[in-house]
Amino acid sequence: MENSGSETDTVAIIDPRHAAKQLIYERIFRAATLSAAILVLLILGGVALSLLRGAWPAVSHFGFSFVTREIWNPVTDQFGALAAIYGTVVTSLIAMLLAVPAGFGIALFLTELCPPLLKRPIGVAVELLAAVPSIIFGIWGLFVLAPVLQRHAQPWLIAHLGHLPLLGGLFKGPPFGIGVLTAGVVLAIMVLPFIAATMREVFDTVPPMLKESGYGLGATTWEVMWNVVVPHSRVGMVGGIMLGLGRALGETMAVTFVIGNAHRISSSLLAPGTTISSAIANEFTEAVGDLYTSSLIALGLLLFLITFTVIAAAQAMLRRLERRGFAV
Amino acid sequence: MTRRTLRKAKNGIFLALSLVATALGLACLAAILWTLLSHGLAGMSWNLFTQMTPPPGGQGGLLNALYGSAVMTLLGILIGSPIGVLAGTYLAEYGRDSRLSTVIRFINDVLLSAPSIIIGLFVYEIVVVHMGHFSAIAGALALSILAIPVTLRTTEDMLNLVPIGMKDSSAALGAYPWRTTLSVLYPAARSGIVTGLLLAVARISGETAPLLFTALNNQFWSTQLNAPMANLPVVIFQFALSPYKNWQDLAWAGALIITVTILVLSISARVILALLQAERGSGR
C-alpha cells in the first residue's frame, strides 16, 4: 500500500507541468511582494521630487533669501520662511523642555516605582494618549488649555519673570492665551507619550544584573537610575527624544488651533506666531497665484528636510542600540 | 549620617517628581476625555446621524461627514493595507537580511513618523494638480500612504513570530514559499495582521492635515469619488474655529465620535495582541 501510494504522490509532485505552474506562481508572488516593498522607497522619493518640483518657482524666484527673510505678504507676492522656521523651532523646543523631563519621570515611575498591578493600566493609558488624534488636542487646547493659561499661568509669568534682565523679554506683553507658548505646551502633551514609551522600552533593556549591582552597593533608587540606567541607555534615550522632536516639528493641526497665525517673529513667547505646518494648513487652499502656492510648498519642502534629518538620526540611534544586542 | 540623609532626601525628591510627572500625564488624558464628554454629549442627538452639515445658525447633523470619513478611511485601508502586507511579507520571508530590506525598513520607520501634512502636499502635487480639482479619491490615496507603514511594520513583526518549524514543515512537504506564505504563515499570523489593520484604521481615521487639500470638504451629500467629499476631521476643524454656536456644538460632537471610535479601535488592537501573547506563552 505504501509503495503504490508514495509512487503516485511522487509522480504528482514532480509532474513537470505542475512544477512549472508552481514556479510561475512563486515568481509572481515574489515579484508582487518585492514591488510592494520597493513602492515604499518610491513613495519617499516621490515625496521629495514632487515637493522639489512644486517649490521650484519660489526657490528660483527668491533664492536663498527665502529662508532668511521674515516678510510674508501675499498682496505684494513677497515670501520668506524665517518667521515660520522660528515658530517651528521655538514651539518644538518648548515642547521638548517640558516633555523630556516629564517623559523621563513617567518612564522612571513605570520601570522602578509602579506597583505591578498598576503597571499595565498606566502604561496603556499613556499609550492611549498617543492615539488621540491631533485635531482633538487642537480643539482642547483652544477651548480649555488656552483660557486656563491666559487667566492663570501667563499673568503669573508676566508678573514674576517679565522683569528679569535676560529672560524677561520672553514673557512680556499681554496674555493672549493663544500663542507660541500655548502651542509649545500642547505639543509637549502630544509628544509626551512617545518619549515616555521609548524611554521605558530602553530602560527595560538594561540588564537587571547591572541594577542589582548598584543596589547591592547601597545606592538609592535615584542613584541607580542616574548612575547606572541612564548612562547605559543614553543612545536610546537620545533616539527617543529625537523621535519626539521629529513629531513636534511636523505636528500640524494641534498647533494650527492655538498658535494665532501671525507671520512675524516676536521676542515674547506669549505673542501669536506661526509654524511651517500651520501656515500650510491655514493658507494652502486659499492661496491664489503660483508664487504663493509655490512658496507654501517650499515651506513643505523645508519641513520635509528638517523632519527627515531628525527622524533619520533618531532611527539610526535606536538601530545602533538594536545591533548592540538589545531589542528596542 | 548627614550624607546619608542627604542622599535619601534627594532620592525622595526625584521619586516624588516622577510620581508627579505620571500624575500630570494621566491628568491630561483625563482632562481631554472629560472635556470631550461634557461638551460632546450635550450635542449628541439622533439628528447627527440623519442630517447633513447645516449652514451657520441652522439645524443639522454630521451624516455627510460621517459617510465621507467612512468611505475614505475604508478606501485608504483597501489601497494601503495590501501594499503594506505584501511589503511586510517580502521583508519577513524573502528579503530578510538583504541590504535592500535594511533600507526599506529604515525608510518605512521614517515614513511612520513623517508629518502627515507632507503626504497631503505630495498627493496634492501628483493627483489634485493633474485632475484639476479636489476629490475624495485623492483624500483616500493620502490616507492609504499613511496606512502602509503601520501595516508593513506589524505584518513583518507578526510573520517573524510564527514558529520556524511550521515553515520548515510546509517546505518539507514540497510547498513553494508562496504556498507556505498563503496557506501556513498568513493563517498563523492572521490575528496579528488584523491588529495591524485596526491600528492603521485608528491612525488614519483621525487624520486631518492630509485631507485639507486633497478631499477638501463638502457641505452637501456627495457620493462621487472624483468630487470633494465631506469628512469628519475637516468639518471639526472648520466648525470649531467658526464663531457660530451650532457649528461649535457639532464640532464637539464630532470630536467625541472620532475619539471614542479611535480609542475603541486601539484598545481592541491591544486586547487582541495581549490574547495572542498569552496564547503563544502557554503554547510553548
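Fair warning: this is a prediction, and the values are worked out from it, not measured in the lab. (Residues numbered from 1 in each chain as written. Chains lettered and ligands numbered in written order. Predicted model: local features only at pLDDT ≥ 70, side-chain atom pairs only at ≥ 80, totals over all residues. Heavy atoms only, no water.)

Describing the overall build of chain A
Next up, step 1: When helices and strands are tallied, chain A shows 12 helices and 2 strands.
Next up, step 2: Helices and strands in chain A line up, N terminus first, as α-α-β-β-α-α-α-α-α-α-α-α-α-α.
Next up, step 3: Here the C-alpha atoms of chain A give a radius of gyration of 27 Å, more than 25% beyond the 20 Å that 2.2 N^0.38 yields for 328 residues.
Next up, step 4: Based on the C-alpha atoms only, the size of chain A along its principal axes is roughly 95 × 65 × 35 Å.
Next up, step 5: Considering chain A as a whole, with its 328 residues, one finds that 52% of them fall into the buried category. (Helix = DSSP H or I, 4+ residues; strand = E, 2+ residues; numbered from the N terminus. Rg over C-alpha atoms; globule rule 2.2 N^0.38 Å. Buried < 20%, exposed > 50% of the residue type's maximum accessible area, 1.4 Å probe, protein only.)

As for the overall build of chain B
Next up, step 1: A tally of helices and strands in chain B yields 11 helices and 0 strands.
Next up, step 2: Along its sequence from the N terminus, chain B presents helices and strands in the succession α-α-α-α-α-α-α-α-α-α-α.
Next up, step 3: Judged by the C-alpha coordinates and their principal axes, chain B covers about 70 × 70 × 35 Å.
Next up, step 4: In chain B, buried positions account for 52% of the 284 residues.
Next up, step 5: The long-range fraction of contacts in chain B, counting pairs at least 24 apart against all pairs at least 6 apart in sequence, stands at 74%.
Next up, step 6: The positive charge centre, built from 17 side chains, and the negative charge centre, built from 10, are 14 Å apart in chain B. (Contact = heavy atoms within 4.5 Å. Lys, Arg positive; Asp, Glu negative; His and termini not counted. Charge placed at Lys NZ, Arg CZ, Asp CG, Glu CD.)

Some thoughts on the environment of Leu210(A)
All names here are of chain A.
Next up, step 1: Tracing the backbone shows Leu210 in helix α7 (residues 208–216).
Next up, step 2: Taking C-alpha positions, Leu210 is 53 Å from Arg53, a pair spaced 157 residues apart along the chain.
Next up, step 3: Once residues within four sequence positions are removed from consideration, Leu210 is found in contact with Val228 and His232.

So, the nonpolar core
Next up, step 1: Core analysis: the biggest nonpolar cluster contains 167 residues, and Phe66(A), Phe137(A) and Leu299(A) have the highest contact counts within it.
Next up, step 2: Not counting chain neighbours up to four residues away, the residues in contact with Phe66(A) comprise Trp72(A), Phe79(A), Gly80(A), Ala81(A), Leu82(A), Ser295(A), Ala298(A), Leu299(A) and Leu302(A).
Next up, step 3: Formed by 10 residues, the second largest nonpolar core is a distinct cluster that contains Ala102(A), Ile106(A), Ile122(A) and Ala21(B). (Core = buried A, V, L, I, M, F, W, Y, C linked by side-chain atoms within 4.5 Å.)

Considerations on empty space enclosed by the protein
All names here are of chain A.
Next up, step 1: Tallying each qualifying case throughout the model produces 5 cavities of 30 Å³ or more.
Next up, step 2: Lining the largest cavity, in full, are Ala83, Tyr86, Gly87, Val180, Arg264, Ser266, Ser268, Ala271, Pro272, Gly273 and Thr274.
Next up, step 3: Among the elements that line the lining of the largest cavity, the one with the most residues is helix α3 (residues 82–113), at 3 residues.
Next up, step 4: Partitioned by chemical class, the residues of the lining of the largest cavity number 5 nonpolar, 5 polar and 1 charged. (1 Å grid on protein atoms, 1.4 Å probe; cavity = no way out; pocket = protein on both sides within 12 Å on 5 of 7 lines; lining within 4 Å. Points joined across faces, edges and corners; volume = space filled by probe spheres on them. Nonpolar A, V, L, I, M, F, W, Y, C, P; charged D, E, K, R; others polar.)

Side note on the pattern of salt bridges
Next up, step 1: Taken as a whole and judged by the stated rule, the model has 10 salt bridges over all chains.
Next up, step 2: For Glu127(A), the salt bridge is made with Arg270(B), and the minimal N-O distance between the two is 2.2 Å. Of this pair, Glu127(A) sits in helix α4 (residues 116–131) while Arg270(B) sits in helix α11 (residues 245–283), each in a different chain.
Next up, step 3: Here Lys245(B) ties to Asp249(B) by a salt bridge, and the two come within 2.9 Å at their closest N and O atoms. (Salt bridge = Lys/Arg side-chain N within 4 Å of Asp/Glu carboxyl O.)

Side note on the interface of chain A and chain B
Next up, step 1: At the interface, 80 residues of chain A touch 79 residues of chain B.
Next up, step 2: Roughly 7100 Å² of surface becomes buried between chain A and chain B when both sides are summed, with 79% attributable to carbon and sulfur atoms.
Next up, step 3: If you sort the residues of chain A by the area they bury against chain B, Phe29(A), Val40(A) and Trp222(A) come out on top, with a joint share of 9%.
Next up, step 4: Where chain A meets chain B, there are 4 salt bridges.
Next up, step 5: Along the lines of polarity and charge, the residues of the side of chain A that touches chain B split into 54 nonpolar, 18 polar and 8 charged. (Buried area = accessible area lost by both parts, 1.4 Å probe.)

Digging into the packing of aromatic side chains
Next up, step 1: Summed over all chains, the structure comprises 23 aromatic pairs over all chains.
Next up, step 2: Look at Tyr25(A) and Trp178(B): their rings are 5.1 Å apart centre to centre, the planes differ by 65°, and that puts the pair in the edge-to-face class. With Tyr25(A) in helix α2 (residues 16–62) and Trp178(B) in helix α7 (residues 177–188), this pair bridges two chains.
Next up, step 3: Summarising the aromatic geometry, the rings of Tyr244(B) and Trp247(B) are spaced 5.4 Å apart at their centres and angled 85° between planes, so their arrangement reads as edge-to-face.
Next up, step 4: The ring of Phe194(A) has Arg247(A) sitting right over it, with the charged end atom 4.0 Å from the ring centre. (Phe/Tyr/Trp six-rings, centres within 6.5 Å; stacked < 30°, edge-to-face > 60°. Lys NZ or Arg CZ within 6 Å of the ring centre and 35° of its normal.)

Let's talk about helix α6 (residues 180–204) of chain A
All names here are of chain A.
Next up, step 1: With 25 residues, α6 should reach 36 Å at 1.5 Å per residue; the first-to-last C-alpha distance of 35 Å fits that figure.
Next up, step 2: Bending of α6 peaks at approximately 40° at the position of Val191, with proline Pro193 no more than four residues after it.
Next up, step 3: The buried fraction of α6 amounts to 20 of the 25 residues, a majority that puts the element mostly inside the structure. (Expected span 1.5 Å × (residues − 1). Bend = angle between axes of the 7 residues up to and from the residue.)

Some thoughts on the layout of surface pockets
Next up, step 1: Reported here for the second largest pocket is a volume of approximately 860 Å³.
Next up, step 2: Those elements that provide at least two residues to the lining of the second largest pocket are α3, α5 (134–161), α6 and α8 (221–232) of chain A together with α1 (2–43) of chain B.
Next up, step 3: Counting residues per element, the lining of the second largest pocket draws most heavily on α3(A), which supplies 11 residues.
Next up, step 4: Of the residues belonging to the lining of the second largest pocket, the class tally is 29 nonpolar, 3 polar and no charged.

Examining the side chain of Ser278(A)
Residues and elements named next belong to chain A.
Next up, step 1: Take Ser278: it is sitting in helix α11 (residues 276–283).
Next up, step 2: A polar contact is formed between the side chain of Ser278 and the side chain of Thr274, at a distance of 3.5 Å.
Next up, step 3: When neighbours within four sequence positions are excluded, Ser278 is seen to be in contact with Val255, Thr256, Ile259 and Asn261. (Polar contact = N/O pair within 3.5 Å; in protein donor to acceptor, adjacent residues only side chain to side chain.)

Brief notes about unusual backbone geometry
Next up, step 1: In this structure, Asp77(A) is a non-glycine residue whose phi angle is positive, near 60°.
Next up, step 2: Non-glycine residue Leu216(B) carries a positive phi angle of around 60°.
Next up, step 3: Here Leu216(B) shows up in the loop between α9 (209–212) and α10 (232–240).

Looking at the environment of Val47(A)
Next up, step 1: Structurally, the position occupied by Val47(A) is in helix α2.
Next up, step 2: Spatially, the C-alpha atom of Val47(A) lies 29 Å from that of Ile265(A), the residues being 218 residues apart in sequence.

A look at the confidence of the model for chain B
Next up, step 1: Of all residues in chain B, 98% have pLDDT values of 70 or greater, and the mean over the chain is 91.
Next up, step 2: Taken over the whole predicted complex, pTM reads 0.90, whereas the ipTM for its chain interfaces reads 0.91. (pLDDT = per-residue confidence, 0-100.)

Concerning the packing of helix α2 (residues 63–95) of chain B against α7(B)
Residues and elements named next belong to chain B.
Next up, step 1: Interhelical geometry of α2 versus α7 gives an angle of 110° and a closest axis separation of 12 Å. It follows that α2 is roughly perpendicular to α7 by the angle criterion. Judged by residue contacts, Val85, Leu86, Thr89, Glu93 and Tyr94 of α2 engage Pro177, Trp178, Thr181, Leu185 and Tyr186 from α7.
Next up, step 2: Looking at side-chain class alone, the contact of α2 with α7 contains 7 nonpolar, 2 polar and 1 charged residues. (Axes fitted to C-alpha atoms, helices over the stretch in contact; angles between N-to-C directions. Parallel < 35°, antiparallel > 145°, perpendicular 65-115°, else oblique.)

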